[in-house]
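# Fold and contact review
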Amino acid sequence: MRKPKTIKFKKLQKPKFKGCSLDQFKRHCLKNNGIGFMYIIRLDGDGESFIKVGISSNIENRFKSIPYSCTVLKLISGSATSIYVREQQVHKMLKEQRYIPQKRFGGRYECYPLSSCALLGVSERNQF
């Protein structure tokens, strides 16, 4: 008698999220005397509205690469290490509320619904 055939199911993969490491961020921030920025921005376009939390050593270049209309809700500057740690804490706090935008861009896995603004203490409509 033959053995029944086993069917293997592929495990669903979580989206691969790979931001930069602390060391990489520190190197980027050296161009700014070691200063980094954490931002909370509102993104709007094509019927979508949501927020993105991220870090950058060059805010202007960062926002140019996002295919949505950006409104800065909050901008914090500080040492590369403190900014990096703060961003990681925010992402950990909001991880269950993640929102994946329709358009692809770097940082799309760092987005959240507008309702997350209340947890971060910022207004959905505030402009920096």
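So, here's what we can say about the structure. (Residues numbered from 1 in each chain as written. Predicted model: local features only at pLDDT ≥ 70, side-chain atom pairs only at ≥ 80, totals over all residues. Heavy atoms only, no water.)

### Quick word on helix H3 (residues 80-94)
Keep this limit in mind: Every helix listed is a DSSP run of H or I at least four residues long, and every strand listed is a run of E at least two residues long, numbered separately from the N terminus. The length a helix should cover is 1.5 Å for every residue beyond the first. Partly exposed residues are those whose accessible area sits between 20% and 50% of the maximum for their type, while under 20% is buried and over 50% is exposed, using a 1.4 Å probe and protein chains only. Each C-beta atom gives one direction from the helix axis, and the arc is the one those directions make. Contacts: residue pairs with any heavy atoms within 4.5 Å of one another.
With 15 residues, H3 ought to run about 21 Å at 1.5 Å a step, and its terminal C-alpha atoms sit 21 Å apart, in line with that. Three or more residues of H3 are buried, namely Ala80, Ile83, Tyr84, Glu87, Val90, His91 and Leu94. Each buried residue of H3 lies within a common arc of 125° when the element is viewed along its axis, so the set occupies one face. Opposite the buried face of H3, at more than 90 degrees from it, the exposed residues are Gln89 and Lys92. On its buried face, H3 sits against helix H1 (22-29), strand S1 (35-45), strand S2 (48-56), strand S3 (69-79), strand S4 (111-113) and helix H4 (117-120).

### Some details on the packing of aromatic side chains
Selection criterion: When the centres of two rings from Phe, Tyr and Trp lie within 6.5 Å, Trp using its six-membered ring, the rings pair. Their planes under 30 degrees apart give stacked, over 60 give edge-to-face, and anything left gives tilted. The rule is short: NZ of Lys or CZ of Arg within 6 Å of the ring centre and within 35 degrees of the ring normal puts a charge over the ring.
As enumerated under the stated definition, the model contains five aromatic pairs in all. With a centroid separation of 6.4 Å and an interplanar angle of 35°, the aromatic rings of phenylalanine 25 and tyrosine 84 are classed as tilted. In this pair, phenylalanine 25 is assigned in helix H1 and tyrosine 84 in helix H3, connecting sequence segments 59 residues apart. Like tyrosine 84, phenylalanine 25 is buried. Aromatic pair phenylalanine 50 and tyrosine 68: ring centres 5.1 Å apart, planes at 85°, arrangement edge-to-face. With phenylalanine 50 in strand S2 and tyrosine 68 in the loop between helix H2 (59-64) and S3, the pair connects residues that are 18 residues apart, well separated along the chain. In textbook terms, an aromatic cluster arises when at least three aromatic residues are bridged by ring pairs, as seen for Phe50, Tyr68, Tyr99 and Phe105. Stacked on the ring of tyrosine 68, the Lys or Arg lysine 103 has its end atom at 5.0 Å from the ring centre.

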